[in-house]
Amino acid sequence: ETYKKESVMIPYGANINKINSEDILKEFDLKPGNYILYVSRLEPENNAHIVIESFKKVNTEKKLVIVGDAPYASKYKHKLKKLAESDKRIIFTGFVFGKGYKEFQSHAFCYIHATEIGGTHPALIEAMGFGNCVIANGTPENIEVVGNAGIIYRKNDVDDLRNKLEYLVKNPDIIESYRKKAQERVKQHYSWDIVVDKYENLFKILTNK
């Protein structure tokens with residue numbers, strides 16, 4: 001609007017990935033397929049509190065693994081710990097990077113993406129690239145990224161998220177189809193080859209001008 005120019009949107013990218021090792025799972029006494037994964041900075045707009053509130057109402061023996069931290073958000077983190085303290089199924093791991101992060105992504109039952117700001121969120125498409133069944137907060141950006149390759153819950157709706165989790169827990173057979181759809185969507189729209197090609201084409205247009 002300021003410079004009377006059209007903008008170009010190029011998304012973030014992800015790899016198709018999966019590893020078999022389970023070292024980080026053993027560290028937290030977890031079993032493959034027996035935990036629900038949430039990864040984010042622990043800030044209010046990423047809605048870990050909604051995830052915890054929803055999960056506490058789900059009738060399941062599966063664990064909720066919350067990966068992430070925010071050293072500057074001590075009040076919010078205290079709120080989360082207080083909210084979760086009555087439920088022994090909820091595990092806070094703090095920051096986990098590298099091999100441990102890949103192991104968590106590779107062996108989750110499903111992945112919750114509750115963030116409500118940002119564009120093509122790296123954690124979301126990475127989870128899809130790892131072949132996770134994704135349950136995502138119903139923002140326009142998340143809906144655009146997931147397409148029909150995951151499950152969307154109404155924006156910031158605790159009860160709808162709980163219902164979607166209950167549905168997956170009771171119908172684990174559908175998980176595999178969403179895993180395949182998620183990886184296929186990353187291949188078609190968010191692979192690094194596609195993203196790099198878009199940058200290259202944009203630079204060619206700019207230099208030709």
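What counts as what
- Chains are numbered independently. Their residues run from 1 in the order of the written sequence.
- Side-chain atom pairs in this predicted model are given and counted only at pLDDT of 80 or more, local residue features only at pLDDT of at least 70, and totals for whole chains, interfaces and linings cover all residues.
- Computation of side-chain values covers all heavy atoms of the structure but excludes hydrogens and water.
- The helix and strand labels rest on DSSP assignments: H or I over at least four residues marks a helix, E over at least two residues marks a strand, and numbering proceeds from the N terminus.
- The quantity called the radius of gyration is restricted to C-alpha atoms. Its globule counterpart is 2.2 Å times the number of residues to the power 0.38.
- The contact rule is simple, with two residues in contact once any of their heavy atoms fall within 4.5 Å.
- Nonpolar cores are built from buried Ala, Val, Leu, Ile, Met, Phe, Trp, Tyr and Cys residues. Side-chain atoms within 4.5 Å join them into one set.
- Burial classification: accessible surface area is computed with a 1.4 Å probe over protein chains only, and a residue below 20% of its type maximum counts as buried, one above 50% as exposed, and the rest as partly exposed.
- Axis definition: a line fitted to C-alpha atoms, limited for helices to the stretch in contact. Angles are taken between N-to-C directions and run from 0 to 180 degrees.
- Each angle gets one of four labels, with under 35 degrees taken as roughly parallel, over 145 as roughly antiparallel, 65 to 115 as roughly perpendicular, and the rest as oblique.
- By convention, a stacked pair of Phe, Tyr or Trp rings (six-membered ring in the case of Trp) has centres within 6.5 Å and planes under 30 degrees apart, an edge-to-face pair has planes over 60 apart, and any other such pair is tilted.
- A pair is scored as a salt bridge if a Lys or Arg side-chain nitrogen falls within 4 Å of a carboxyl oxygen belonging to Asp or Glu.

Attention now goes to the overall build of the chain. Regarding its fold elements, the chain presents nine helices and six strands. Taking 17 Å as the expected radius of gyration for a compact globule of 209 residues, we find that the chain reaches 18 Å, a close match to that expectation. The principal-axis extent of the C-alpha atoms belonging to the chain is close to 60 × 35 × 30 Å. In the chain, once contacts between residues fewer than 6 apart in sequence are set aside, the share between residues at least 24 apart is 74%.

I36, L64, C110, I135, L161, L165 and L168 are the most contacted members of the largest nonpolar core, which has 32 residues in total. Taken together, the elements giving at least two residues each to this core come down to β1 (35-39), α2 (48-56), β2 (63-67), α3 (74-84), β4 (110-113), β6 (151-153), α7 (158-170) and α8 (175-190). Among residues more than four places away in sequence, those in contact with I36 are F55, K63, L64, V65, F109, C110, I112 and L165. Formed by 29 residues, the second largest nonpolar core is a distinct cluster that contains Y35, F104, L124 and V186.

Below, the discussion takes up the packing of helix α5 (residues 122-129) against α8. Running from N to C, α5 and α8 point in directions that differ by 120 degrees, and their axes come no closer than 7 Å. Regarding the angle of α5 to α8, the classification is oblique. Across the interface between the two elements, I125, M128 and G129 of α5 pack against A182, Q183, R185, V186 and Y190 of α8.

One pass over the full model with this rule turns up six aromatic pairs. Ring centres of F95 and F97 lie 5.5 Å apart, and the angle between their planes is 25 degrees; on these two criteria the pair is classed as stacked. Take F95: its relative accessible area is 42%, and that puts it in the partly exposed class. By relative accessible area, F97 is classed as exposed at 63%. Each member of the aromatic cluster is reached from another via a ring pair, and the members are F28, Y35 and F104.

Within the structure shown, the criterion is met by twelve salt bridges. Measuring nitrogen to oxygen at the nearest pair gives 2.5 Å for the salt bridge that ties K99 to D23. Taken as a pair, K99 in helix α4 (residues 98-106) and D23 in helix α1 (residues 23-27) lie far apart in primary sequence, 76 residues in all. The partly exposed category is assigned to D23, whose relative accessible area is 44%. Among the salt bridges present, the one from R162 reaches D159, with a minimum N-O distance of 3.6 Å. Linking R162 with D159, this pair stays in helix α7, spanning three residues, or about one helical turn. Taking relative accessible area as the criterion, R162 reaches 23% and is therefore assigned partly exposed. What emerges from the salt-bridge pattern is a single network uniting R154, D157, D160 and K164.

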